[in-house]
Amino acid sequence: MNWHLLPLSEIASLLNTTPLGLDQTTASHLLTKHGKNQIEDSKKKTILQMILSQLSDFMILILITAAIISGIIGDITDTVIILAIVVINAFVGLIQEYRAEKAMEALKNMAANHALILREGKKFNIPASDLVTGDVVILEAGNIIPADVRFFETHQIKADESALTGESNNVEKISEELSRGDYQLGDRSNMGYKGTSITSGRGLAYVVATGMKTELGKIAKMLQTDEITTPLQKRLGAFGKRLSLGILIICTIIFFIGWLRGESVMTMLITSISLAVAAIPEALPALVTIALAFGAKKLAKNNALIRKLPAVETLGSVTYICSDKTGTLTLNKMTVQEIFETVDTEINSLFLENNPLLHAIALNNDVSEGQNGKWIGDSTEVALVQYAFEKNSNRADLESKFPRIAELPFDSKRKCMTTIHQTQNSDAEILVITKGAVDVLFDKLSANQKSHIAEFEHKVNEMAEKGYRVLGYAIKTIPFLPENLDADAIEMDLTLIGFAGMIDPPREEARQAVTECKEAGIIPVMITGDHKLTAKAIAEKLGIISTDEDLVMTGSELSRLTQIEFINTVEKVKVYARVNPEQKLRIINALQSKKHFVAMTGDGVNDAPALKNADIGIAMGINGTEVSKEASHMILLDDNFATIVVAVKHGRKIFDNILKFIKYIMTGNSGEIWAIFLAPFFALPIPLLAIHILWINLVTDGLPGLALASEPSESNIMKRPPRNPQENIFSNGMAVHILWVGFLMGVVTIAMQAYAIHVANSHWQTMAFTVLCLSQLGHVMVIRSQQSIFKIGLFTNKPMLSSLLITVALQFMIIYTPFFNKIFKTQPLTIYELLLTLAVSSIVFWACEMEKWIKNRNKQTTIVI
Ligand code: ATP
């Protein structure tokens, strides 16, 4: 349908709607009929695809083939068991993948866009997926257009359609129909398209197409975003490949040694392949995704919504948090404390007979009255309107006397906004009211008034030093409304009529969070559009500025510096005042070139580039625009600075636990390899059967390993410096630990085996198998914390305790039930044998506790020195 060529009346009748919107019944009927307004994800895996991908691992396929061949020529039970274990393994993997996918989907839904619409003349904020054709959407700067729309009312509205057309210019939108002709998407200037964004102005539009019927839907297949892999996953993937090669070589050696020592080819083949399957950590990157996805779910409960999974991992590396002031570090609950009216009333012809400032306050704003008599709108404006209301300024009366005929909406670059009103005065038809940051207004004053600036400034500084946000009001009259509204031409030659100082108290929890940041080696920085003195006063209250060396820099000071000069001072600056959103990008670049890892908050449409370029871009859930949310890595659901710090803490914990998990799995694998590899050198038979190896891989590795994700954070988690994101995860002693503890596990296993064989105990294999299994359980307990397990307490991770009990019960099941004895070729151990295996397997536990004790003692000694 060529909506852009049709007159508005025809569109309304075709869509069965009016400028007041649809009624609820029609809307819900249309929603059931046409479905949700969403783009289908063609890359989503079906369950069958998930099963196949679980089973299609190369080593698993070889194992299945070898097991089948061995079954045909020999023992069928072994084959069945191996196949059963492989299937259970795949099933567990499948459940995990499915749960991870669900968790990711839930996160995506939580971050879904909303749309402000009119239904039967009333405003509603609904999920964008519930939009139907005929709905009337209200669009303003910062919105992402939620469906394909045709504008019917526009106020200087511009859209960035680069996502769809590739054109990076902002396109001005109109409401008139276009003359007949052939128009490309980018030239249909009365249309708005799903997925593009509004950069300035505001407007109303009819929804003409939703979901897959939109232009975005038509090209959706081209736009499906690729799955994101996190830095850790990438490194693990690359490392995994090299490791697999090493393990395959070792397994080949084991195969030949066994064969040369007279074992059957088939047994050796299955044993060495099982060992390879168990030891190659092919599932690690997937398990990391699961840990991150579940971490993200926990973060969402703490009001930090993750949009890009790598953010969970990188949160722990943040060294700088650059935060907006209003609403994030402060409560965004403003109240006017003080006003100042100028006495110079040169143009007192209009409403200036009494209280011009109050009248200007009542007229120049976009605040509307909500259902319960509450004012709805920007908090600065709400504070001002509330103030005027309390002082008996009759807003409705003023609005009918001075109807608004045009406006220049607020933008944080101009730092002011202008409304233009019709008057009943025949000399000066049109009244212009501008409000904005006082220092910006000073530049726009008439020549005569400029001579009073020093006097005004004095008063402004007095207010700002108390931490007040000061907003000025200036007016002028013009004979007629120009056809093209040019901000520079309109906002000049003004007369200041006064200003208002309002307070926005700092958040109590932000003060604590700032202290916590500093202890954790993270530097908090405040970035604000506000006045230098206001910003400084608030920063001091919050503890962001605590010494004379902490600098406050204004946007204009920053713009005078070259990037090199700026880089040299950037680490001293703790507050940036009167900055434009564009300058945030310079701050990020400077900090990054000093090797910092920067988290940056933003809420406006102009913040999007900074949010994208920050290492972690953080958008505001309540007051943030959709464009900023779309560009971010994480959204703060409560707009609160303290939440960022909580998220960093969680991020550090999640990463710690992933490392613990990797350490545990790899050490266990290394233990299995050592045991089987070393045995022949001591003239011992292979200590474990293939099914034992696969069992350990499935049960002992799996359950307790997963429970490590529930480990509470280390007590010093926010007292240590941030993790270097470039740091190799195997440095810091991890590789050494994996090798030596694995070696010890191997040695105790074959020592048990050797002793049992020496005393002619026929249960030697079950004993060796149990020692290896229990050694791993002891190891997982030690790995839980850098501190002694006796210090953190045995019962502080309940899921771990349950998983240990289950694992021990399962191990007992295969040792003590005749059915499993037959299957796993195990024998019931006597009490003496059981106690002996327990004692031997605890060696690993004690040795690792000793390692921690020595490390912690060295750390303390270093600090004392
Ligand atoms: P922060 O940057 O601390 O989060 P902010 O987001 O409110 O604060 P901006 O929105 O960039 O900052 O506003 C910058 C300046 O513009 C403010 O200090 C104020 O002087 C002025 N200002 C803010 N809101 C309005 C408004 N609705 N109309 C006119 N001027 C405004």
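Rules behind the numbers
- Residues numbered from 1 in each chain as written.
- Predicted model: local features only at pLDDT ≥ 70, side-chain atom pairs only at ≥ 80, totals over all residues.
- Heavy atoms only, no water.
- Helix = DSSP H or I, 4+ residues; strand = E, 2+ residues; numbered from the N terminus.
- Contact = heavy atoms within 4.5 Å.
- Areas by Shrake-Rupley, 256 points an atom, 1.4 Å probe, with all protein chains shown as cover.
- UniProt positions renumbered as here; feature names shortened; annotations may be inferred.
- Near = heavy atom within 4 Å.
- Polar contact = N/O pair within 3.5 Å; in protein donor to acceptor, adjacent residues only side chain to side chain.
- Pairing = 2+ DSSP bridges.
- Axes fitted to C-alpha atoms, helices over the stretch in contact; angles between N-to-C directions.
- Patch = residues over 30% accessible without salt bridge, like charges linked within 9 Å, V, L, I, M, F, W, Y side chains within 5 Å.
- Salt bridge = Lys/Arg side-chain N within 4 Å of Asp/Glu carboxyl O.
- Lys, Arg positive; Asp, Glu negative; His and termini not counted.
- Charge placed at Lys NZ, Arg CZ, Asp CG, Glu CD.
- Phe/Tyr/Trp six-rings, centres within 6.5 Å; stacked < 30°, edge-to-face > 60°.
- Lys NZ or Arg CZ within 6 Å of the ring centre and 35° of its normal.
- Disulfide = S-S within 2.5 Å.
- Buried < 20%, exposed > 50% of the residue type's maximum accessible area, 1.4 Å probe, protein only.
- Domains from an automatic or database assignment.
- Buried area = accessible area lost by both parts, 1.4 Å probe.

Regarding its fold elements, the protein presents 35 helices and 23 strands. Overall size of the protein, expressed as C-alpha extent along the three principal axes, is 115 × 70 × 45 Å. Intrachain contacts of the protein at a sequence separation of at least 6 include 73% that bridge at least 24 residues. In the form shown here, the protein has an accessible surface area of approximately 38600 Å², with 60% of it arising from carbon and sulfur atoms.

Taking the numbering used here, the UniProt-annotated feature "transmembrane region" (unreviewed entry) corresponds to residues 51-73, 79-98, 243-262, 268-294, 729-752, 804-824 and 830-848. Secondary structure content for residues 243-262 is 90% helix and 0% strand, while the C-alpha to C-alpha distance between its ends is 29 Å.

What follows covers the site of the ligand. Taken together, 18 residues surround the ligand, and among them T326, S412, R469, T528 and G529 come closest. Contacts to the ligand include G529, whose backbone N or O atom sits 2.9 Å from an oxygen atom. Elements represented by at least two residues in the shell around the ligand include exactly β15 (430-437) and β16 (469-478). Element by element, the count of residues in the shell around the ligand is highest for β15, at 3 residues.

Taken together, 6 strands build an open sheet; the order of strands is β10-β17-β16-β15-β14-β13 and the sheet is antiparallel. Edge positions in the open sheet fall to β10 (335-341) and β13 (404-411), since each of these has one partner strand only. In this sheet, neighbouring strand axes are inclined to one another by 15° on average, regardless of whether the strands run parallel or antiparallel. Summarising the sheet, β16 and strand β17 (residues 495-503) pair through 7 bridges and their orientation is antiparallel.

Let us now look at the pairing of β13. Note: β13 against strand β14 (residues 416-422), 5 bridges, orientation antiparallel. Opposite A406, over in β14, you have I420 as the bridge partner. Between β13 and β14, which pair antiparallel in sequence order, lie 4 residues; one of them, K415, sits at a positive phi of approximately 60°.

Turning to a positive patch on the surface, a few remarks are in order. Taken together, the side chains of R99, K297, K298 and K301 present a region of like positive charge at the surface. Looking at the positive patch, the element that brings in the most residues is helix α11 (residues 284-301), giving 3 residues. As for its placement among the helices and strands, K298 is situated in helix α11.

This part covers the sheet that holds strand β9 (residues 320-324). Strand order in the open sheet made by the 8 strands is β8-β23-β22-β21-β9-β18-β20-β19, with mixed pairing throughout. Looking at which strands have only one partner, the edges of the open sheet turn out to be β8 (304-306) and β19 (551-554). Mean inter-strand twist for the sheet, computed between neighbouring axes without regard to direction, equals 20°. Pairing of β9 with strand β21 (residues 598-602) involves 3 bridges; the strand directions are parallel. Bridging across to β21, I321 finds its partner in A599. Running at roughly 170° to β21, helix α24 (residues 581-593) makes contact with β9, β18 (523-527), β20 (573-577) and β21 of the sheet. Contacts from helix α27 (residues 641-678) reach β8, β9, β18, β21, β22 (616-620) and β23 (634-636), with the element oriented near 155° to β9.

This next bit is on the packing of aromatic side chains. The full count for this structure, using the stated rule, is 18 aromatic pairs. For the ring pair F790 and W846, a centre distance of 6.0 Å and an interplane angle of 20° mean the geometry is stacked. Residue F790 is found in helix α32 (residues 789-792), and its partner W846 is found in helix α35 (residues 831-864); the two are separated by 56 residues along the sequence. Linked through ring pairs, W695, F819, F820 and F824 together constitute an aromatic cluster. The side chain of R723 reaches across the aromatic face of F655, ending 3.5 Å from its centre.

With that out of the way, let us pick up the pattern of salt bridges. Applying the stated rule across the entire model yields 31 salt bridges. The salt bridge partner of D135 is R119, with a shortest N-O separation of 2.8 Å. Of this pair, D135 sits in the loop between β2 (122-127) and β3 (136-140) while R119 is found in strand β1 (residues 114-119), placing the two residues 16 residues apart along the sequence. The residue R414 makes a salt bridge to D411 at a minimum N-O spacing of 3.4 Å.

Inspection of the secondary structure puts L698 in helix α28 (residues 690-700). Linking L698 and E172, residues 526 residues apart in sequence, is a C-alpha distance of 61 Å. Apart from the residues within four sequence positions on either side, L698 is in contact with I85, I88, N89, V92 and L703.

In this section: the state of the cysteines. Enumeration over the complete set of coordinates arrives at 0 disulfides. Cysteine C517 is unpaired, with the sulfur of C322 as its nearest cysteine sulfur at 11 Å. With a relative accessible area of 0%, C517 lands in the buried category. The closest cysteine sulfur to the non-disulfide-bonded C773 is located on C848, 16 Å from its own sulfur. By relative accessible area, C773 is classed as buried at 0%.

Turning next to the domain arrangement of the protein. Along its sequence, the protein is organised into domain 1 (1-224), domain 2 (231-303 + 647-864), domain 3 (314-331 + 507-639) and domain 4 (335-474). Facing 16 residues of domain 3, the contacting portion of domain 4 comprises 14 residues. Between domain 3 and domain 4 the total buried area reaches about 1100 Å² when both faces are included, carbon and sulfur atoms providing 48% of it. A per-residue breakdown of the area domain 3 buries against domain 4 is headed by L533, T534 and R578, which together make up 39% of the total. In this structure, the connection of domain 3 to domain 4 is made through 2 salt bridges. A salt bridge links R578 to D439; the shortest N-O distance between them is 2.7 Å. Here domain 3 and domain 4 share 7 residue pairs in polar contact (both at pLDDT 80 or more) between them.

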